[in-house]
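Fold and geometry: a report
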Amino acid sequence: MQIGLYFGSFNPVHTGHLIIAEHVVSNTPLDQVWLVVSPQNPLKPSASLLNEYNRLNLANLAIQDNEKLKVSDVEFKLPKPSYTIDTLTYLREKYPQHSFTVIMGSDSYLNLQRWKNYEVLIRDYNFIIYERPAFPVDNSALPQNFILLNAPLLDISSTFIREQVKKGNSIRYLVADAVAREIADNGYYKAK
Ligand SMILES: Nc1ncnc2c1ncn2[C@@H]1O[C@H](COP(=O)(O)OP(=O)(O)OP(=O)(O)O)[C@@H](O)[C@H]1O
Ligand SMILES: O=C(O)c1ccc[n+]([C@@H]2O[C@H](COP(=O)([O-])O)[C@@H](O)[C@H]2O)c1
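Summarised in this report is the structure supplied together with it. Keep in mind the model is a prediction, meaning the values are calculated, not measured.

With respect to the site of ligand 2
Neighbouring ligand 2 are 15 residues, the closest being Phe 7, Ser 38, Thr 84, Trp 115 and Lys 116. Elements with a contribution of two residues or more to the shell around ligand 2: strand S1 (2-8) and helix H3 (84-94). Split into classes, the residues belonging to the shell around ligand 2 amount to six nonpolar, seven polar and two charged.

Structural notes on H3
For H3, the full list of buried residues reads Thr 84, Thr 87 and Leu 88. The buried residues of H3 occupy one face: seen down the axis, they fall within an arc of 100°. As for H3, its buried residues are in contact with S1, strand S2 (32-37), strand S4 (99-105) and helix H5 (118-124).

Points about the site of ligand 1
Taken together, 17 residues sit near ligand 1, with Gly 8, Gly 16, Gly 105, Ser 158 and Thr 159 positioned nearest. When contributions to the shell around ligand 1 are tallied by element, the ones reaching two or more residues are helix H1 (15-27), S4, helix H4 (106-109) and helix H6 (158-167). Among the elements that make up the shell around ligand 1, the one with the highest residue count is H1 (three residues). Counted by class, the shell around ligand 1 contains six nonpolar, ten polar and one charged residues.

Considerations on the sheet that holds strand S3 (residues 69-72)
Taken in spatial order, the six strands line up as S3-S2-S1-S4-S5-S6 in an open sheet, and their pairing is parallel. Two strands close off the open sheet at either side, each with one partner strand: S3 and strand S6 (146-149). When the angles between neighbouring strand axes are averaged without regard to direction, this sheet yields 30°. Examined bridge by bridge, S1 and S2 share six bridges and lie parallel to one another. For Gly 4, the partnering residue across the bridge sits in S2 and is Val 33.

As for the pairing of S3
Sheet faces and side chains relate simply in a regular strand, where the side chains alternate between the two faces. Every second residue of S3 is oriented toward a common face, the buried set being Leu 69 and Val 71 and the non-buried set Lys 70 and Ser 72. In the sheet, S2 pairs with S3 via four bridges, with the strands oriented parallel. Residue pairing in the sheet places Trp 34 in a bridge with Lys 70 of S3. With respect to chirality, the unit in which S2 leads through helix H2 (residues 52-62) into the neighbouring parallel S3 is right-handed.

Focus: the nonpolar core
Considering soluble globular proteins, one finds that nonpolar side chains tend to be buried as a cluster. By size, the foremost hydrophobic cluster in this structure holds 41 residues, and its most contacted members are Tyr 6, Ala 21, Val 33, Leu 35, Ala 59, Ala 62 and Val 179. Each residue touching Val 33, except ones within four places of it in the same chain, is listed here: Gly 4, Tyr 6, Ala 21, Val 24, Val 25, Lys 68, Leu 69 and Ile 103.

Procedures and definitions
Residues numbered from 1 in each chain as written. Chains lettered and ligands numbered in written order. Predicted model: local features only at pLDDT ≥ 70, side-chain atom pairs only at ≥ 80, totals over all residues. Near = placed C-beta within 6 Å. Helix = DSSP H or I, 4+ residues; strand = E, 2+ residues; numbered from the N terminus. Nonpolar A, V, L, I, M, F, W, Y, C, P; charged D, E, K, R; others polar. Buried ≥ 20, exposed ≤ 12 C-beta atoms within 10 Å, placed from the backbone. Arc of directions from axis to C-beta. Contact = placed C-beta atoms within 7 Å. Pairing = 2+ DSSP bridges. Axes fitted to C-alpha atoms, helices over the stretch in contact; angles between N-to-C directions. Right-handed = clockwise from strand over helix to strand, strands pointing away. Core = buried A, V, L, I, M, F, W, Y, C linked by C-beta atoms within 7 Å.

Written as structure tokens, this is what we have:
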């Protein structure tokens, strides 16, 4: 199968992520998109991170009835922080029958030079990039293993969701209903 890998902290997963995953899987030859929950992004602070198993559970709740979207905990067993090149190497070995394509926003793409072994990463893997406002990409300058895809965008972030919860404001429609319920029932993101 052709698998798209959408890496993130998903702290928590929100509707902006789900729109991208669904759009990519339905507008490309990919058979499935896996949301890979990263315990610890190498370039982000860990202070506001919900436990990785709780984030995994929220991601599973969000995509539970979607046949083409899956959630992966592969990085839970790998060393932290989560370096994407190491995860990809591991996945290729574990699933030789699949081919893997990395999905990322243009913000991450423009930051790729800071990633571990980025020369190997961009040489050995296929990428689907979607453009985010404020991070324009020159399509003609992209290597041939990169595809620029137009995707519908919702201008929200996990940071915004966490802030809303902390203030006691609604996150309805910003996250899947089951995710909103689970966050409320467990009091996630309430305390500093
Ligand atoms: N609203 C959005 N629309 C499209 N892509 C998004 C959106 N928010 C985040 N992404 C992308 O999703 C991937 C995973 O993102 P991540 O889990 O870091 O979420 P985030 O909302 O950026 O989190 P935070 O606010 O905590 O930094 C990244 O590639 C990021 O660029
Ligand atoms: O491999 C790296 O060096 C690397 C550097 C920064 C980010 N990543 C991964 O990219 C994913 C999304 O990152 P971000 O910055 O968009 O939240 C997340 O899963 C990180 O582990 C990976």
